[in-house]
Amino acid sequence: MPWERRIATQEDIDIVEATPLDERITETSTYDLVVNAAHRDPQGLAVSFQLKGDPKSKTYDWTFSRVLQEVTQAANLFHSLGAHGKSSVALLLPNLPETLAALFAGQTSGIVNPINPLLEPEKIASILRDADAKVLVTLKAFPKTDIAERAAEALALSPGVTTLIEIDMLSYVTPPLSWIIPLIRPKVKASHNAKVLDWKKAVAEQPGDRLTFDMPPGGKDRVAAYFHTGGTTGDPKLAQHHVGGILYQSHAVNDGVFGAKDTILCCLPLFHCFGAYVMGTAAMLNGGRLVLMTPAGFRGEGVIDHFWKLVEKYEVNFFMGVPTALAALNQREVDADVSTLNYCVCGSAPLPVELFKQFEAKTGIRILEGYGQTEATVVCSVNPPDGERKIGSVGFPLPYTKLAAMIIDGENKLQRHCETDEIGELCIAGPHVFPGYKGEDKNRDVFFTDAEGTKWLRSGDLGRCDGEGYFWITGRAKDLIIRGGHNIDPGMIEEVLATHPAIAFAGAIGQPDAYAGELPCAYIELKEGMSVTPEEVIAFAEEHVPERAARPVYIEVLDELPKTAVGKIFKPDLRRSAIRRVLIDSLAEKGIEADVTVENDKLKGLVAVIDAAGGKGSADVAPVLDRFAVGWRMKA
């Protein structure tokens, strides 16, 4: 049963919640979404794909009946290869129509485990082992990508994977390249024992009109997916997603944001739950067209340069972006008819106010800022599509979702709910909250239960709720660095720097960046009698920090790092220092001399206070400072 109305006010949410959720969600598996879509409109376009971002590039279309057949065949194949029960099928893939089919098929057979193909082979192998993967689906060796090579190296460290299934992108290439690529295809050295199958041949051998096995038991409470946390860096943990949470997310986004049969442009990776659920499963429920724009999404050849023409070509109604993508698009002229676009949802990192204003003024497209977490099967709140949008807020909680700012003590117990506009840790309850990470040892202090018996997920984010029910993110209780939407674990940077013979302590944080949101930097304290230059430390990090995105762009040597009474590095002081430095330097580049202090505002968190010389005022500094996701005000 769809929601009675689009969300504009809190009253609309109350009306929606008056109907029990089980009466709205009648599916018992994500496979039901595929079956229902195919029965409704078998010849309707479900998925469109372009290999490159040129609007003239060939489009490859799959109908809903084709998707159902491919999902059914792939699910039968996965199950026959042992990927069922507690064993998973892992996907190391870019965005392809087959990737979407494999996502649904893996959830149908048992558990699907999408993996970021940009991870290093050792981390891929660690995830494969943790997920008890029996099957890995990846690319056949192909020019300009090393995914096949990474997969081979990871499999050598993952003896539990018994079958490797390869998808050949050659089927999406036209002559003359389709004649040349087989001659120049990279050779991959395989040192693993997994059986290698070709996707197209292996899938074609399976029935496409029925499942050859009984649907796994457990219904909506069954774990159907593992999505790893950690972005491109850090030690990934496997977040378990149950069927009910995935179905809820699909309904919530479809009924709350999309219109019927919307065309959705997907430039976010399907290995992330934003792409997989907010676009993939929701589009199947919606009955609309999912446009997969190149294997690499926003990073694909020509996508940013031709974005608006692609919107016109496919008559796109909706897309989702991250701040870095919107910043890049804001540098391109709107050179096409984009009147079909209704919304852009932006998430993963704070969106600078100036970018928000410029983007909407330039494009005429409304941005809906939202908030989500992998641990909550992604979206928790969004600014109401048909109501007031508060720039900088993340809007209302979705129907049937509880979001609250709370004060939690050191023993993981609720002290109290925060007052209006009081900052606390954001906690989440609802049908989409995950059952926990795989491995009980990883779930300490992740949840707590209140006096009413409600189980809450601790987000690790700091925020507040205003008098009208809108939520605002003000900081992070966790120390994650968010670079362009990717989570970077500062602990990994600190561990590497601590191996340098001259360094006693290191504190890594994210410094503000107008494009990426944050970039990693580090402050270090040296051992007594030792010396080292920032340039030497940066060179050391370039050599020893394994992930490129995590390598610090700035190093500062301090006589002593700020520490708490128990000797823990006090990172708020480091963040203040980084904010002050970056903003002073950015103003100086525009010829504005200013002093900057950073204060803790009870509503906004860390706020920069600007004391500009030469009579410069707010209008002078705003074009510079509004590029950053940092609150600021002029000194009184």
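The structure reproduced in this document is the subject of the present report.

What counts, and where the lines are drawn
- Residues numbered from 1 in each chain as written.
- Predicted model: local features only at pLDDT ≥ 70, side-chain atom pairs only at ≥ 80, totals over all residues.
- Heavy atoms only, no water.
- Helix = DSSP H or I, 4+ residues; strand = E, 2+ residues; numbered from the N terminus.
- Rg over C-alpha atoms; globule rule 2.2 N^0.38 Å.
- Contact = heavy atoms within 4.5 Å.
- Areas by Shrake-Rupley, 256 points an atom, 1.4 Å probe, with all protein chains shown as cover.
- Lys, Arg positive; Asp, Glu negative; His and termini not counted.
- Charge placed at Lys NZ, Arg CZ, Asp CG, Glu CD.
- Pairing = 2+ DSSP bridges.
- Axes fitted to C-alpha atoms, helices over the stretch in contact; angles between N-to-C directions.
- Patch = residues over 30% accessible without salt bridge, like charges linked within 9 Å, V, L, I, M, F, W, Y side chains within 5 Å.
- Salt bridge = Lys/Arg side-chain N within 4 Å of Asp/Glu carboxyl O.
- Buried < 20%, exposed > 50% of the residue type's maximum accessible area, 1.4 Å probe, protein only.
- Phe/Tyr/Trp six-rings, centres within 6.5 Å; stacked < 30°, edge-to-face > 60°.
- Lys NZ or Arg CZ within 6 Å of the ring centre and 35° of its normal.
- Core = buried A, V, L, I, M, F, W, Y, C linked by side-chain atoms within 4.5 Å.

## Observations regarding the overall build of the protein
In terms of regular secondary structure, the protein is built from 18 helices and 30 strands. Computed over the C-alpha atoms, the radius of gyration of the protein is 25 Å, within 12% of the 26 Å expected from 2.2 N^0.38 for a compact globule of 636 residues. Principal-axis analysis of the C-alpha atoms places the extent of the protein at approximately 75 × 60 × 55 Å. The long-range share in the protein, meaning contacts at least 24 apart out of those at least 6 apart in sequence, stands at 69%. Counting every atom, the protein has about 26100 Å² of accessible surface; 50% of that belongs to carbon and sulfur. Taking the average location of the 65 positive side-chain charges in the protein and that of its 84 negative ones, the two points are 4 Å from each other.

## So, the sheet that holds strand 28 (residues 594–601)
A sheet is described by the order of its strands in space; here three strands give the open sequence 28-29-30, paired in mixed fashion. Edge positions in the open sheet fall to strand 28 and strand 30 (631–634), since each of these has one partner strand only. The average angle at which neighbouring strand axes cross in this sheet is 30°, direction not considered. Note that strand 28 and strand 29 (residues 605–612) share eight bridges and pair antiparallel. Looking at the pairing, Thr597 lines up with Val609 of strand 29. Sitting on the sheet, helix 17 (residues 571–589) is in contact with strand 28 and strand 29, with an inclination near 145° to strand 28. Across the face of the sheet, helix 18 (residues 618–625) comes into contact with strand 29 and strand 30 while running at roughly 165° to strand 30.

## Focus: the side chain of Asn412
By secondary structure assignment, the location of Asn412 is in the loop between strand 17 (402–408) and strand 18 (414–417). Residues within four places of Asn412 in sequence aside, it is in contact with Asp445, Phe447, Phe448 and Arg458.

## What to know about a nonpolar patch on the surface
A cluster of nonpolar residues, Leu177, Trp179, Ile180, Leu183 and Ile184, forms a patch on the protein surface that exposes about 580 Å² of accessible area. Within the secondary structure layout, Trp179 lies in helix 8 (residues 177–184).

## Some words on helix 14 (residues 353–363)
Given 3.6 residues per helical turn, the α-helix brings residues three or four places apart onto the same face. Buried residues of helix 14: Glu354, Leu355, Phe356, Phe359, Glu360 and Thr363, and no others. Lining the buried residues of helix 14 we find helix 12 (307–314), strand 12 (318–321), helix 13 (323–329) and strand 14 (366–373).

## So, unusual backbone geometry
Here the residue pair Pro175 and Pro176 is connected by a cis peptide bond, since its omega of 5° sits within 30 degrees of zero. In this structure, Pro176 sits in the loop between strand 6 (163–167) and helix 8. The backbone of Lys144 shows a phi angle near 70°, a positive value even though the residue is not glycine. Its place among the elements puts Lys144 in the loop between strand 5 (133–139) and helix 7 (147–156).

## Quick look at the environment of Leu268
As for its position among the elements, Leu268 is in the loop between strand 10 (263–266) and helix 11 (273–286). In this structure the C-alpha to C-alpha distance between Leu268 and Met320, which are 52 residues apart in sequence, comes to 7.5 Å. Sequence-distant contacts of Leu268, defined by excluding residues within four places in its chain, comprise Asn95, Phe274, Met279, Phe298, Met320 and Val322.

## Observations concerning the sheet that holds strand 12
Ordered in space as 2-1-11-10-12-13-14-15-16, the nine strands form an open sheet in which the pairing is mixed. Lying at the two open borders of the sheet, with one neighbouring strand each, are strand 2 (60–63) and strand 16 (396–397). With four bridges connecting them, strand 14 and strand 15 (residues 378–382) associate as antiparallel partners. Bridge pairing links Gly370 to Val382 in strand 15.

## Let's talk about the pairing of strand 1 (residues 45–50)
Taken across its six residues, strand 1 has five buried, putting it largely inside the fold. With four bridges joining them, strand 1 and strand 2 adopt antiparallel strand pairing. Residue Phe49 lies in a different strand from strand 2, and its bridge partner there is Tyr60. Sheet topology note: the strand 1/strand 11 (residues 289–293) ladder contains four bridges and is parallel. The residue of strand 11 that forms the bridge with Gln50 is Met293.

## So, the packing of aromatic side chains
Summed over all chains, the structure comprises 12 aromatic pairs. Just above the ring of Tyr437 sits the side chain of Lys237; from NZ or CZ to the centre is 4.3 Å. The positively charged end of Lys563 is found above the aromatic ring belonging to Phe505, 4.8 Å away from the centroid.

## With respect to helix 11
The element helix 11 is largely enclosed, with a buried count of 14 among its 14 residues. A positive phi of about 80° marks Gly287, the residue just after helix 11.

## Here's the deal with the nonpolar core
Formed by 145 residues in total, the largest nonpolar core has its most connected members in Phe78, Leu128, Val137, Phe307, Trp308, Phe319 and Leu326. Per-element accounting of this core gives the leading share, 10 residues, to helix 11. With residues up to four places along the chain from it excluded, the contact list for Phe319 reads Leu265, Met279, Phe298, Phe307, Leu326, Leu329, Leu341, Tyr343, Cys344, Val345 and Phe359. Grouped together as the second largest cluster of nonpolar side chains are 20 residues, Leu497, Val537, Phe540 and Ile555 included.

## With respect to the pattern of salt bridges
Note that side chains of opposite charge can pair when their charged atoms are close. Tallied over the full model, the rule gives 26 salt bridges. Between Lys390 and Glu468 there is a salt bridge, with its nearest N and O atoms 2.5 Å apart. Residue Lys390 is found in the loop between strand 15 and strand 16, and its partner Glu468 is found in the loop between strand 21 (455–465) and strand 22 (471–476); the two are separated by 78 residues along the sequence. Overall, Lys390 belongs to the buried group, its relative accessible area being 14%. On the accessibility criterion, Glu468 (48% relative accessible area) is partly exposed.

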